[in-house]
Amino acid sequence: MFCTNCGKKIDEKKVEAKSATLSKVDIETEISEDAEVVYACPRCGEHIHHNISEDETKSLSRAAHEQYQKGCNSFAVGMECVCIGVIAAIIAVIFFILAKKPANQHVLDPTCTEFYVSMILFGAALVLLSVGGSYVGIGIYKRVIYTRVLKDINNEVFIQ
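If you're wondering where the values come from, they're calculated on a predicted model, not measured in any experiment.

*Asks:* I'd love a proper account of the overall build of the chain, names of residues and values included.
*Replies:* A count of helices and strands for the chain gives three helices and four strands. Shown N-terminal to C-terminal, the secondary structure of the chain runs as helices and strands in the order α-β-β-α-β-β-α. Counting only residues that meet the buried cut, the chain has 26% of its 160 residues in that class. Of all intrachain contacts in the chain linking residues separated by at least 6 positions in sequence, the fraction that spans at least 24 positions is 67%. When the accessible surface of the chain is split by element, carbon and sulfur atoms take 61% of a total near 10900 Å².

What follows is the structure in structure tokens.
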């Protein structure tokens, strides 16, 4: 299910596992099979139900386009971080090689400045690569999910 207001994807199974709908209803009341279950969006508080109207479909389309754009932005930011991380790793390798002084017969000198710079750059590269990789993953996930939603809405086969 998707929120028609903000486009957040809601997994019904996880929501029901967390707080079951049936436990909130009195045992004495009778529940029919065709009763509609309504969820509240955790992000915006909008009520989410299965049968959505034409206006709600348009609103969901707008929200899906917005989430798709956020996915593209996350992917771009992630790729920037990955590129900067690779550049920092290359510079760190250069400084690590420079830390092997010819005067010491190419033995690594851990007291020189080049060694410290290379270790700091290795750390920065590791952080940038991990953050960039996570942003790339989030961006790809959002783009795939909301491309499918928009394709279903466009083909008029979307079922909430």
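*Asks:* Residues and numbers for a nonpolar patch on the surface, please.
*Replies:* A contiguous nonpolar patch, built from Val 86, Ile 90, Ile 94, Leu 98 and Leu 129 and spanning about 410 Å² of accessible area, is present on the exposed surface. For the nonpolar patch, the element with the most residues is helix α2 (residues 54-98), which contributes four residues. Relative accessible area serves as the criterion here: at 46%, Leu 98 is assigned to the partly exposed category.

*Asks:* How would you summarise the nonpolar core if you had to cite specific residues and measurements?
*Replies:* One finds Phe 2, Leu 60, Ala 64, Ile 145, Tyr 146, Val 149, Leu 150, Ile 153 and Phe 158 forming the largest nonpolar core, which totals nine residues. Counting residues per element, the ones that place at least two in this core are α2 and α3 (113-154). Considering each element in turn, this core owes the most residues, five residues, to α3. In terms of nonpolar packing, the next biggest core, distinct from the first, is built from seven residues, Cys 6, Ile 10, Tyr 39 and Ile 48 among them.

*Asks:* Any chance you could break down the side chain of Thr 57 for me, citing the residues and the numbers?
*Replies:* Looking at the secondary structure, you find Thr 57 in helix α2. Look at Thr 57 and you get buried, because its relative accessible area is 19%. Those residues in contact with Thr 57 that lie beyond four places of it in its chain are Ile 52 and Ile 153.

*Asks:* Which residues make up the pattern of salt bridges, and what values do they have?
*Replies:* Under the defined criterion, the tally for this structure stands at three salt bridges. Notably, a salt bridge pairs Glu 66 with Arg 62, separated by 3.5 Å at the nearest N-O pair. One end of the pair, Glu 66, and the other, Arg 62, are both in helix α2, four residues apart, so they sit about a helical turn from each other. Of the charged contacts in the structure, one is a salt bridge between Glu 114 and Lys 101, with a shortest N-O distance of 3.3 Å. Of this pair, Glu 114 sits in helix α3 while Lys 101 is found in strand β3 (residues 100-101), placing the two residues 13 residues apart along the sequence. Taken together, the shared-partner salt bridges connect Arg 62, Glu 66 and Lys 70 into one network.

*Asks:* Any details on the packing of aromatic side chains? Residues and values, ideally.
*Replies:* A complete count under the given rule lists four aromatic pairs for this structure. Put simply, the rings of Phe 96, Phe 115, Tyr 116 and Phe 122 touch in pairs and so form one group of aromatic residues. For Arg 143, the ring lying beneath its charged end belongs to Phe 75, and the centroid distance is 4.9 Å.

*Asks:* Residue-level account of the side chain of Lys 142, with values.
*Replies:* With respect to the helices and strands, Lys 142 occurs in helix α3. Although Lys 142 lies buried, it forms no salt bridge, and the closest oppositely charged side chain, Glu 66, sits 8.9 Å away as judged by the N-O distance. In this view, Lys 142 contacts Gln 67, Lys 70 and Gly 71; residues no more than four positions away in its chain are not counted.

*Asks:* An account of the packing of α2 against α3 is needed here, citing residue identities and associated values.
*Replies:* Put simply, α2 and α3 touch, their axes get as near as 5 Å, and they point 160° apart. Taken as axis vectors, α2 and α3 run roughly antiparallel relative to one another. Where α2 crosses over α3, the handedness of that crossing is left-handed. The residue makeup of the contact of α2 with α3, split by class, is 34 nonpolar, 13 polar and four charged.

Thresholds applied
Residues numbered from 1 in each chain as written. Predicted model: local features only at pLDDT ≥ 70, side-chain atom pairs only at ≥ 80, totals over all residues. Heavy atoms only, no water. Helix = DSSP H or I, 4+ residues; strand = E, 2+ residues; numbered from the N terminus. Buried < 20%, exposed > 50% of the residue type's maximum accessible area, 1.4 Å probe, protein only. Contact = heavy atoms within 4.5 Å. Areas by Shrake-Rupley, 256 points an atom, 1.4 Å probe, with all protein chains shown as cover. Patch = residues over 30% accessible without salt bridge, like charges linked within 9 Å, V, L, I, M, F, W, Y side chains within 5 Å. Salt bridge = Lys/Arg side-chain N within 4 Å of Asp/Glu carboxyl O. Core = buried A, V, L, I, M, F, W, Y, C linked by side-chain atoms within 4.5 Å. Phe/Tyr/Trp six-rings, centres within 6.5 Å; stacked < 30°, edge-to-face > 60°. Lys NZ or Arg CZ within 6 Å of the ring centre and 35° of its normal. Lys, Arg positive; Asp, Glu negative; His and termini not counted. Axes fitted to C-alpha atoms, helices over the stretch in contact; angles between N-to-C directions. Parallel < 35°, antiparallel > 145°, perpendicular 65-115°, else oblique. Left-handed = near helix turned anticlockwise from the far one by under 90°. Nonpolar A, V, L, I, M, F, W, Y, C, P; charged D, E, K, R; others polar.

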